[in-house]
Amino acid sequence: MPESIWFGHDVGTTREATGELATLLPQEQNFATPKPERLIQRIVHIATNPGDLVLDSFAGSGTTGAVAHKMGRRWIMVELGEHCHTHIIPRLKKVIDCEDSGGITEAAGWKGGGGFRYYRIAPSLLQKDKWGNWIINKEYNAPMLAAAVCKLEGFTYEPSDSVYWMHGKSTENDFIYVTTAHLTHEQLTLLSDEVGSKRTLLVMCTAFRSRSGGFPNLTIKKIPNTVLAKCEWGHDDYSLQIENLPIAEKPQKKQPLLFDGEAE
Ligand SMILES: C[S@@+](CC[C@H](N)C(=O)[O-])C[C@H]1O[C@@H](n2cnc3c(N)ncnc32)[C@H](O)[C@@H]1O
């Protein structure tokens, strides 16, 4: 088993890390356990190549992302606390704008550039009621629910101003309608007539009653059952397909977003 000791004069110390942060952020944004950039540089150097993705799911003051960025790696940071706003975003903006001359900037020959996207993760879509039944989280309003179900069903969330059942689309002629209503046979007949023979509609509702064998242009599914069926439980590997991340777009309308996104 190879062993090595990394001394403070090689990879820095907590005191050095505190100093690095102090030059970047206001005094009141002290962080109790920062890592020196040189330490993370050594780890990133050993473990990755330029262009690789580096993940720090306990981002804290954002040292991992700052170092990975300066070393030409891509990065993902996850943070539970308010540090995103108080530490990480201000710090990474300075790295990008080349206003951070400390840490490994000189050693890495860092000259600024790049960018990042920031997402606030939505609350869980489903929760259990006091009887143990899965229900839609009360924090979800109608647009948030529609956006979430569109994502799960592979539709682009694009609510129409004029057509109440057009919440999203998968093609020019295939749409999705998300509602917490119980739909009657009469309501479904009306919907089917409005959709017409040249378009199709996926109806996501909590319950429905249809007397006939169905409607040729409607596919009707129930939530939360369908949502639950899409959830994965108990996997060790959730295989996040990060290469398929959607391209960040400016929202066209002022809609509450599922993920409170911001592009930098
Ligand atoms: C020891 S600090 C990380 C230090 C950081 N790597 C640095 O060098 O600045 C741990 C961080 O993880 C965050 N954290 C704790 N539990 C978390 C969770 N479940 N998801 C995301 N972040 C979490 C804490 O808020 C804290 O900021």
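Before any of the text, the structure's been laid out above.
Residues numbered from 1 in each chain as written. Predicted model: local features only at pLDDT ≥ 70, side-chain atom pairs only at ≥ 80, totals over all residues. Heavy atoms only, no water.

Our focus in this paragraph is the sheet that holds strand β6 (residues 156-157). Consider a sheet: its strands pair through backbone hydrogen bonds, and that pairing is either parallel or antiparallel. Taken in spatial order, the 5 strands of this open sheet run β6-β7-β8-β10-β12, and their pairing is mixed. Looking at the sheet topology across the chains shown, the edges are occupied by β6 and β12 (218-222). Two elements, strand β8 (residues 174-178) and strand β10 (residues 200-205), share 5 bridges in a ladder whose sense is parallel. Of the residues in β10, the one forming a bridge with I176 is L202. Most of the contacts of helix α7 (residues 142-153) go to β8, to which it runs at about 135°, and overall it touches β6, β7 (168-171), β8, β10 and β12. The strands that helix α8 (residues 185-195) touches are β8, β10 and β12; relative to β12, the one it contacts most, it runs at about 135°. (Pairing = 2+ DSSP bridges. Helix = DSSP H or I, 4+ residues; strand = E, 2+ residues; numbered from the N terminus. Contact = heavy atoms within 4.5 Å. Axes fitted to C-alpha atoms, helices over the stretch in contact; angles between N-to-C directions.)

Within the sequence span of helix α2 (residues 14-24), burial applies to A17, E20, L21 and L24. Down the axis of α2, the sector holding all buried residues measures 95°, keeping them to one side. Exposed and oriented more than 90 degrees from the buried face of α2 are R15 and T23. In this structure, the buried residues of α2 make contact with α3 (37-47) and α5 (83-96). (Buried < 20%, exposed > 50% of the residue type's maximum accessible area, 1.4 Å probe, protein only. Arc of directions from axis to C-beta.)

Before going further, it helps to spend a moment on the pattern of salt bridges. A full pass over the atoms with the stated rule returns 7 salt bridges. Residue K221 pairs with E153 through a salt bridge whose shortest N-O separation is 3.0 Å. Taken together, the positions of K221 in strand β12 and E153 in helix α7 put the pair 68 residues apart, joining distant regions of the chain. The exposure class assigned to E153 is buried, which follows from its relative accessible area of 14%. Across the salt bridge formed by K169 and E172, the nearest N and O atoms sit 3.3 Å from each other. One continuous salt-bridge network, built from bridges that share partners, spans E37, K70, R91 and D100. (Salt bridge = Lys/Arg side-chain N within 4 Å of Asp/Glu carboxyl O.)

In this sheet, β7 lies alongside β6 in antiparallel orientation, the contact comprising 2 bridges. Residue pairing for β7: T156 is matched across the bridge by K169. Two elements, β7 and β8, share 3 bridges in a ladder whose sense is antiparallel. Across the sheet, residue K169 finds its bridge partner in β8, namely F175.

On to the site of the ligand, then. Around the ligand, a shell composed of 14 residues is seen, among which K35, F58, S61, E79 and L80 lie nearest. Between the ligand and the protein, one listed contact pairs an oxygen atom with a side-chain N or O atom of T63 at 3.4 Å. The class makeup of the residues in the shell around the ligand is 4 nonpolar, 7 polar and 3 charged. (Near = heavy atom within 4 Å. Polar contact = N/O pair within 3.5 Å; in protein donor to acceptor, adjacent residues only side chain to side chain. Nonpolar A, V, L, I, M, F, W, Y, C, P; charged D, E, K, R; others polar.)

Turning to the nonpolar core, a few remarks are in order. By size, the foremost hydrophobic cluster in this structure holds 20 residues, and its most contacted members are W75, M77, I88, L92 and F116. Elements supplying a minimum of two residues to this core: α3, α4 (63-70), β2 (74-77) and α5. If one sorts the elements of this core by residue count, α5 sits on top with 6 residues. Setting aside chain neighbours within four positions, we find M77 in contact with D56, A59, G62, G65, I88 and L92. (Core = buried A, V, L, I, M, F, W, Y, C linked by side-chain atoms within 4.5 Å.)

On to the environment of L125. Positionally, L125 belongs in the loop between β3 (117-118) and β4 (126-128). For L125, a relative accessible area of 12% puts it in the buried group. Considering only alpha carbons, one finds L125 and I135, 10 residues apart in sequence, at a separation of 8.5 Å. Those residues within four positions of L125 in sequence are excluded, and the remaining contacts are I135, I136, N137, Y140, L145, A148, L152 and V227.

Before going further, it helps to examine the packing of α3 against α4. It is the contact of α3 with α4, at a shortest axis distance of 9 Å, that shows an interaxial angle of 60°. With respect to their mutual orientation, α3 and α4 come out oblique. In the packing of α3 onto α4, the handedness of the crossing is right-handed. In contact with E37, I40 and Q41 of α3, α4 contributes T63, T64, A66, V67 and K70. Looking at the contact of α3 with α4 residue by residue, the classes come out as 3 nonpolar, 3 polar and 2 charged. (Parallel < 35°, antiparallel > 145°, perpendicular 65-115°, else oblique. Left-handed = near helix turned anticlockwise from the far one by under 90°.)

Where nonpolar side chains cluster on the molecular surface, the patch consists of W6, I43 and I46 and spans about 280 Å² of accessible area. Residue position: W6 is located in the segment before α1 (8-11). (Patch = residues over 30% accessible without salt bridge, like charges linked within 9 Å, V, L, I, M, F, W, Y side chains within 5 Å. Areas by Shrake-Rupley, 256 points an atom, 1.4 Å probe, with all protein chains shown as cover.)

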